[in-house]
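So the chains spell out like this:
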Amino acid sequence: MGLFRFLKSLSKTPRKTDLSSSSSSTFNQKPVFVINSIPNHKTCRGHKTCRGFLSNHHLTFYRSIHIDPTQNSTETTSEEAERICKLVSKNTPNIDSSLDKASLNVSAMLVFGVLKRLSNAGVLALSFFRWAEKQNGFKHSTESYNVLIESLGKIKQFKVIWDLVYEMKQKRLLTKDTFALISRRYARARKVKEAIDAFQKMDKFGLKLESSDFNRLIDTLSKSRQVEKAQEVFDKMKKTRFEPDIKSYTILLEGWGQDQNLLRLNEVYREMKDEGFEPDVVTYGIMINAHCKAKKYNEAIMLFQEMEVKNCKPSPHIFCTLVNGLGSEKRLSEALGFFELSKKSGFAPEVPTFNAVVGAYCWSMKMNDAYSAVDEMRKCGVGPNSRTYDIILHHLIKARRTKEAYSIFQKMSNEAGCEPTVSTYEIVVRMFCNEDRVDMAIRIWDQMKAKGVLPGMHMFSTLINSLCHENRLDDACKYFQEMLDVGIRPPANMFSNLRQALLDDGREQTVLLLVHKLDKLRKTQLVGNGR
């Protein structure tokens, strides 16, 4: 059945669409609640076949740089990692002695798990890393080095990162993934030249550059909102060092699509076809997503129709993208139509697609239908996951339904796979700060810390700004100091707010002290390996 005939047939059915081939009776019931991280509802995130909009036979490995050896970790290891994180964060000045007294059985899995949890606290991560390497019989893996480099990159400690690279070389642990991580962190810090230099240094460390590495570089730049520079690198290297393949063009198409620059997107698309590369399902997926992102939904549907004409079978990701996009535009019946069409195309419903349906209902504030969709996910055995409930949480907060949102948040931990993450805590803390309920925000903060989850820069900023607004300056200074202790550099506007609030309160000496501490953090490099 053609797309438009199918959608037309849907218009004859009742508005409330059944999400399964079985009875829709569950759609009249409210589910048990649970939740996780704030998604961008207008993109398809987390899809196993399209993470970053690229399929496995294209560039999925560019999206997921380091291997996670904790994927099969036991619950005991996770609990031990949580306990260590609590210990480390509470005893910042005396980490080594605190860990020594804890009688820990150090393993590669445990160390990786702790470093992962300390990803927002580069200073603490480095201290734990150095402590672990002193333990009898323990040796760091490539993965533990890489996760540490990732956390240090967040606080721009590039000198220490390069010290670690030399260590890895001596221990024969270096891989191309390490350089990809470093390039990505430079690019996100808007240090484009350094990102390219890091890539080119692979040769000096004995790692031969191949075409796939050039693709990875332009992908890194593109994903860091440097698609203009990625295009420049592509154009330059195309003439000298490598021959582009369909992956190369795919990366640039996605970059220009994320930049919502349809003019440049179409230029690359034409060049790709001129070079003899025909669009495949991945290309169409990116083109459809780009048009949805630019709110050109009718054009996106036309691209889908073009695929049908060319007998190019859509992937689950493409259906997910259209459900997301149309749902965000409150074109609910069409969004649900594509969900039904995905099932008729032979695809079993997956968590990301179901999440898109939940989001579509939420955009139209049909919350009972969203809750019923969650029930249907359970019946089908495909979730929900924490992202499912973060979608709901996000929309409830946006609608100022604070009580309902908090009720859901409280129930999150009762369902496997739906425990709050740092992103969840961040949105709930922000919710209470925006409601001028900073005491509740601090209560959530303390719950988070008790779980061994550490806040990032934005979460610190939200809380400190709210404390300044309520003139709770002692508390604001306390959290500011905690922020500095883990090596996070505060945003200029947040520090400006704190500084002005202190000056207005006649606390010039406190301002001078904080300025001194901040200046010291900016100028001080962490100790690497003593090179």
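Structure: above.
A brief look at the structure comes next. If you're wondering where the values come from, they're calculated on a predicted model, not measured in any experiment.

Here we come to unusual backbone geometry. Following Gly383, the chain continues into Pro384 via a peptide bond in cis, with omega recorded as 5°. Position of Pro384 relative to the elements: it lies in the loop between α20 (367-380) and α21 (386-398). Here the phi dihedral of Gln260 falls at roughly 55°; this positive angle occurs in a residue that is not glycine. When you line up the elements, Gln260 lands in the loop between α13 (246-258) and α14 (262-274). The phi dihedral of Arg400 is positive, around 60°, even though this residue is not glycine. Topologically, Arg400 is positioned in the loop between α21 and α22 (402-411).

Here we come to the packing of helix α23 (residues 422-434) against helix α25 (residues 457-469). Two numbers describe how α23 lies on α25: the axes approach to 10 Å, and their chain directions differ by 15°. Taken together, the axes of α23 and α25 are roughly parallel relative to one another. Between α23 and α25 the crossing geometry is left-handed. Where α23 approaches α25, its residues Val422, Tyr425, Glu426, Val429, Arg430 and Cys433 are matched on the opposing element by His458, Met459, Thr462, Leu463 and Ser466. For the contact of α23 with α25, the class distribution of residues is six nonpolar, three polar and two charged.

Next up on the list: the packing of helix α7 (residues 142-154) against helix α8 (residues 158-170). At a minimum axis distance of 9 Å, the contact between α7 and α8 shows a crossing angle of 170°. The orientation of α7 with respect to α8, classified from their angle, is roughly antiparallel. Seen from α7, the contacting residues are Thr142, Tyr145, Asn146, Leu148, Ile149, Leu152 and Gly153; seen from α8, they are Phe158, Val160, Ile161, Leu164, Glu167 and Met168. Broken down by class, the residue content of the contact of α7 with α8 amounts to nine nonpolar, three polar and one charged.

For the rest of this paragraph, the subject is helix α9 (residues 176-188). Helix length check: α9 (13 residues) gives 18 Å between terminal C-alpha atoms against 18 Å at 1.5 Å per residue, within 8%. With ten of 13 residues buried, α9 is to be regarded as a mostly interior element. Residues Thr178, Phe179, Ala180, Leu181, Ile182, Ser183, Arg184, Arg185, Tyr186 and Ala187 constitute the buried set of α9. On its buried face, α9 sits against α7, α8, α10 (192-200) and α11 (211-223). At the C-terminal side of α9, Arg190 shows a positive phi close to 60°.

What counts, and where the lines are drawn
Chains are numbered independently. Their residues run from 1 in the order of the written sequence. For this predicted model, a pLDDT threshold of at least 70 governs which residues receive local features, and a threshold of 80 or more governs which side-chain atom pairs are given and counted, while totals over whole chains, interfaces and linings are taken from all residues. Side-chain metrics rest on all non-hydrogen atoms present in the structure, leaving aside hydrogens and water. Secondary structure elements are defined from DSSP: runs of H or I of at least 4 residues count as helices, runs of E of at least 2 residues count as strands, and each element is numbered from the N terminus. For helices, the axis comes from a line fit to the C-alpha atoms of the stretch in contact; other axes are also lines fit to C-alpha atoms, and the angle between any two N-to-C directions lies between 0 and 180 degrees. Any angle that falls under 35 degrees is termed roughly parallel, while one over 145 is termed roughly antiparallel, one within 65 to 115 roughly perpendicular, and all others oblique. Crossing handedness: left-handed means the near helix sits turned counterclockwise from the far one by under a right angle, and right-handed means the same turn made clockwise. We call two residues contacting when some pair of their heavy atoms lies within 4.5 Å. Under the scheme applied here, ten amino acids are nonpolar (Ala, Val, Leu, Ile, Met, Phe, Trp, Tyr, Cys and Pro), four are charged (Asp, Glu, Lys and Arg), and all others, including Gly, are polar. Helix span, expected: 1.5 Å multiplied by one less than the number of residues in the helix. The rule is simple: take the accessible area with a 1.4 Å probe, protein chains only, and divide by the maximum for that residue type; under 20% is buried, over 50% is exposed, in between is partly exposed.

Geometric descriptors of this kind do not, in isolation, establish any biological role.
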